[in-house]
Amino acid sequence: MINKIGREIPDEILKQYGKEGYQGPNYRDNVRYKKAAPMVRGVVDPKQDKMVSNIREALEKCKIQDGMVLSFHHHFRDGDYVVNMVMAEVAAMGIRDITICASSLGAAHDPIAEYIEQGIVTGIQSSGVRGKIGEAISRGKLKTPAIIRSHGGRVRAIEEGDVHIDIAFIGAPTSDAYGNARGVGGKSDCGVLSYSMVDAQYADNVVVITDCLVPFPNFPASISMTNVDYVCVVDEIGNPDKIISNAIRMTKDVRELMMAKYCTRLIADSPYFQDGFSFQTGAGGASLAVNTMLRPIMEEKNIHMGFSIGGITQPICEMLKDGLVRNIVDAQCFDRASIESIKNDARHFEISTSEYANPMNKGTFANKLDFVILGALEVDIDYNVNVVTGSDGIVRGAPGGHPDIAAGSKCSIIIAPLVRGRIPTICDRVVTAVTPGETVDIIVTDYGIAINPRRTDLIEAYKNTHLPFCTIEELRDMAYEIVGTPDEIPFKDRVVGIIENRDGTILDVVRELDEEC
Amino acid sequence: MMHPNKKRLRRSMMFLNCQKPGLIKDPYIYGTDSIILDLEDAVAENQKDSARYSLYHALKEINYRGVERVVRMNGLDTPHWKEDIRVCVAGGADTIRIAKTESAQDVHVVEEHVLAAEREFGRPEGSTLLMAALESCRGVMNALEVCNSSDRLIGIALSGGDYTRDLQTVISGTGVELQGARQQMVIAARAAKVQCWDTVFTDLDNMEAFEKEVRMIKMMGFDGKSLVNPRQIEIVHEVFTPTKKEIIFADKIVREIDEKKAQGIGVFMVDGKMIDIAFYEGAVRTLKLAKAAGIYEEDL
Amino acid sequence: MVVQKSAVAGTLESSDAQVTVEPGSGTLELIVESNVIHQFGRQIRKTVLDVLERLEVTDAKVVVVDKGALDCTLKARVECAVYRSNDITETLPWGGAIK
């Protein structure tokens, strides 16, 4: 079938997964469903010891079998050791046909590509896929199509039972021997454990892996003992230098600063820039700069931010400290300052990814957002955004919360340079649609700014704003004038990846790269 | 007839290495008035040939969207300058910046080759403008004759590094070593009714000192500054943007003079100040600067 | 033009291309390696072949390692490599064979 954004989704895929094609951002509003439930084991005897001596023992106690689904989180980002550690043990035990259900997978997880080749891993369900895993997927090495979900969509899939986790592995900077785990207080702090909260509640077996065992009770706990089966102490859960950045530096790139300036003006001149407004940025150069540029305008107009969310960094934490931001709700920390802030500031809260963005619960922070600033690999003239497939046709990105907060917010702004090298960012048709165009409001490039024509209210609001506004078609034309019109990437018919919309409908598919062309 | 672009606004003239495709592909995005595509110091001796091909195709194929395309050629004391001139003219560069200009004679030599190239490549005679970089004590002392040397010459630019070496001193940060040259050059340029640009400022981490220098050279009478990084453009443009009061006053002067001229009145009062035709040019310049800064929209 | 000896132009920096020409063995052999091969490989080949045709190079081995260069850069690098292979740096045919 051709779905609502004009993407062809093979019927056999829809049938096989029991899914529908994408029908619009609020298609499943008010739909009732029965939540999934795990098959759990009661720890009744007070003398029971949850400590296991190594990962092998944890796997054995959880009765690891061929075909199981194992889950992981990515709070340790490129510094993570847990996924590789567990999978090495799984491989050593001769287990096969494993599905990895991670909140994201990154460059740290290149060794998994080898397990894909060997048939040890045959399914990947993740928000992000990079490096060699992405190459393995795009070259058709994975037995089943990878399923790419947003952060909110992953929680939904778990809660609705689209995916059932047999064993959840939760790397934790600190834990007590009874499984109360936290993101702070250890030698490899990541701040919060938001991504794993749903895993802890919905997995049949839950194993906490830590490199810093602390006295009971490790409170307030991010992951509660009530959900944890086993605790395993290892030497290192990750590389602290790669888990968080010491300090994310303010960009000096004039192009990024220029786009940040446009973006700041757009926010300041919008009808939503009022006391109590809310905001999410990423850690990219331009979007981080917006934080800094917005501050003096807030001070001048005496406007305070009601809450800030997302990948948290120093500039926002400083605004919290100085009273310009009333609350930070945190699903991921990016730098040392944000970890210090969550430890010390009572208005800096840890939230679950369900609270963040699961579209099928009864309300999320995403729905309460005014402004979000996002990036893009590609944006097409229908405003569809690709953040997953590279210009070489290979899966190498992560939707993260992109589709969630674009859909939830009142004003979603994409910042991206018009061209990167010879690759046009603004194009006729994105290789892979990850965030549907009807949820994307403004595109800011170094060459001009396009407002989605669906947002007549915003176009009206900016009629006295002096910025280089143009149409998205004009941006595309400028890009093609510079780099030429790109040829289409050659793909085979076979589907190697499914891009699931946050509500579980199918937005797009990724096909196997045709390298003979 | 004067070349229509001879007196265009040139607050910011940004150097770019001709050999770097990533730099020359879209510098217009930063809003600089002029770019200076460099064949000289930025290009290694064994890449001089290569830089010319890049230059030629950049000039021919990149749409620089109205930004003036100046090329800095190699000095007359090098083996490169003749081919530099040929490629500049063939590619249709707006202006050639002559490195290490010492005298009017240097300008004449370049002018002669430019004319020959214009004929060779079928470009209108006189279409290629020139500017002279003064980089030695002799050059600075000859500022006035250089300014008067050619109809093509749009102005002179100080090159502080070579100049201070010749003066047997160094760039100190105080500006004292450049004082004489700056003063001499700007007076010469004004006397000859051409433009004058200050030397580059290379410490990108000290934007405060940069701004101070820009304010100073503006007060001295310079038209603008040679720049090494896009981060510097905004500050220059800010400093060269007239104040609201100045714009309103200039607007009034231009209107009044136009009107009074038609009535045959030579001297009159604006806001309590005695005004005559001598104010006209300055007022027009103020409005041009204001327009470039996007804060004045009339077409006077 | 005959490629007299091997010559190189350009770099491996982003947005650039490195072009190597060598004397051929009777035919024109073109090898293109690019990080944008899927979307621009066809156009890169065409641009390079057009330049070689203008320069009347019919017998050479040409290797292009492209890092996302625009057409103007590709042309410049190919021309530079070919002229270097003949040690020519002056009185070039701007607007003629070079265009």
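Everything discussed here concerns the structure shown above.
These remarks concern the structure in this document. Note that the structure is a prediction, hence the values are computed from the model and not measured.

Cut-off values and rules
- Along every chain, residues carry numbers that run from 1 in the direction the sequence is written.
- Starting at A for chains and at 1 for ligands, labels are handed out in the order in which the entities are written.
- Totals for whole chains, interfaces and linings use all residues, but because this is a predicted model, local features are given only for residues with pLDDT of at least 70 and pairs of side-chain atoms are given and counted only at 80 or more.
- To obtain the side-chain values, all non-hydrogen atoms of the structure were included, while hydrogens and water were left out.
- Paired strands are those between which DSSP finds at least two bridges.
- Every helix listed is a DSSP run of H or I at least four residues long, and every strand listed is a run of E at least two residues long, numbered separately from the N terminus.
- Axis definition: a line fitted to C-alpha atoms, over the contacting stretch in the case of helices. Angles run 0 to 180 degrees between N-to-C directions.
- Should any heavy atoms of two residues lie within 4.5 Å, those residues are considered in contact.
- Here the quantity called buried area is the accessible surface, traced with a 1.4 Å probe, that two parts lose on coming together, added over both.
- Just to be clear on terms, a salt bridge is a Lys or Arg side-chain nitrogen sitting within 4 Å of an Asp or Glu carboxyl oxygen.
- Just so you know the grouping, Ala, Val, Leu, Ile, Met, Phe, Trp, Tyr, Cys and Pro go in nonpolar, Asp, Glu, Lys and Arg go in charged, and all remaining residues, Gly too, go in polar.
- Distance and chemistry together define a polar contact, namely a pair of N or O atoms within 3.5 Å, with one atom able to donate a hydrogen and the other to accept it when in protein, and with adjacent residues in sequence counting only for side-chain atoms on both sides.
- Partly exposed describes any residue whose relative accessible area lies between the buried limit of under 20% and the exposed limit of over 50%, with all areas from a 1.4 Å probe on protein chains only and scaled to the type maximum.

### Digging into the sheet that holds strand β4 (residues 60-66) of chain C
Residues and elements named next belong to chain C. What the four strands build is an open sheet, ordered β1-β2-β4-β3; its pairing is mixed. Unpaired on one side and paired on the other, β1 (7-9) and β3 (28-34) mark the two borders of the sheet. Taken pair by pair, the neighbouring strands of this sheet meet at an average axis angle of 10 degrees, ignoring direction. Summarising the sheet, strand β2 (residues 17-23) and β4 pair through seven bridges and their orientation is antiparallel. Among the inter-strand pairings, Glu 22 is bridged to a residue of β4, identified as Lys 61. In the packing of helix α1 (residues 37-54) onto the sheet, contacts are made with β3 and β4, and the angle to β3 comes to roughly 145 degrees.

### A closer look at the interface of chain C and chain B
Opposite the 23 residues of chain C that make contact, chain B presents 22 residues. The contact between chain C and chain B buries some 1,900 Å² in all, and 54% of this surface belongs to carbon and sulfur atoms. At the surface where chain C touches chain B, the tally comes to three salt bridges. A salt bridge links Lys20(B) to Glu13(C); the nearest nitrogen and oxygen atoms lie 3.2 Å apart. Partitioning the side of chain C that touches chain B into residue classes produces nine nonpolar, five polar and nine charged.

### Notes on the interface of chain A and chain B
Of the residues lining the interface, 13 residues belong to chain A; the matching set on chain B comes to 13 residues. Together, Val254(A), Arg255(A) and Tyr447(A) form the three largest contributors to the area buried by chain A at its contact with chain B, with a combined 44%. Applying the counting criterion to the chain A and chain B interface returns three salt bridges. Close ionic contact of Asp205(B) with Lys252(A) constitutes a salt bridge, the shortest N to O distance being 3.2 Å. For the pair chain A and chain B, the number of links is seven residue pairs in polar contact (both at pLDDT 80 or more).

### Describing the side chain of Arg84(C)
Residue position: Arg84(C) is located in helix α2 (residues 71-84). Using a relative accessible area of 16% as the deciding quantity, one classes Arg84(C) as buried. Looking at Arg84(C), its side chain comes within polar contact range of the side chain of Gln47(B), at 3.2 Å. If sequence neighbours within four positions are ignored, Arg84(C) has contacts with Asn46(B), Gln47(B), Asp49(B), Ser50(B), Lys5(C), Ala7(C), Val8(C) and Ala9(C).

### Topic: the pattern of salt bridges
Here the structure, examined in full by the defined rule, presents 70 salt bridges over all chains. Two residues, Glu89(A) and Arg56(A), come together in a salt bridge whose shortest N-O distance is 2.8 Å. Of this pair, Glu89(A) sits in helix α3 (residues 82-92) while Arg56(A) sits in helix α2 (residues 55-61), and the two are 33 residues apart along the sequence. Close ionic contact of Lys252(B) with Asp271(B) constitutes a salt bridge, the shortest N to O distance being 2.8 Å. Residue Lys252(B) is located in helix α11 (residues 244-263), and its partner Asp271(B) is located in the loop between β9 (268-270) and β10 (273-275); the two are separated by 19 residues in the primary sequence. Owing to a relative accessible area of 33%, Lys252(B) belongs among the partly exposed residues under this scheme. Here the residues in one salt-bridge network are Lys19(A), Arg28(A), Arg149(A), Arg156(A), Glu160(A), Asp162(A) and Glu500(A), joined through shared partners.

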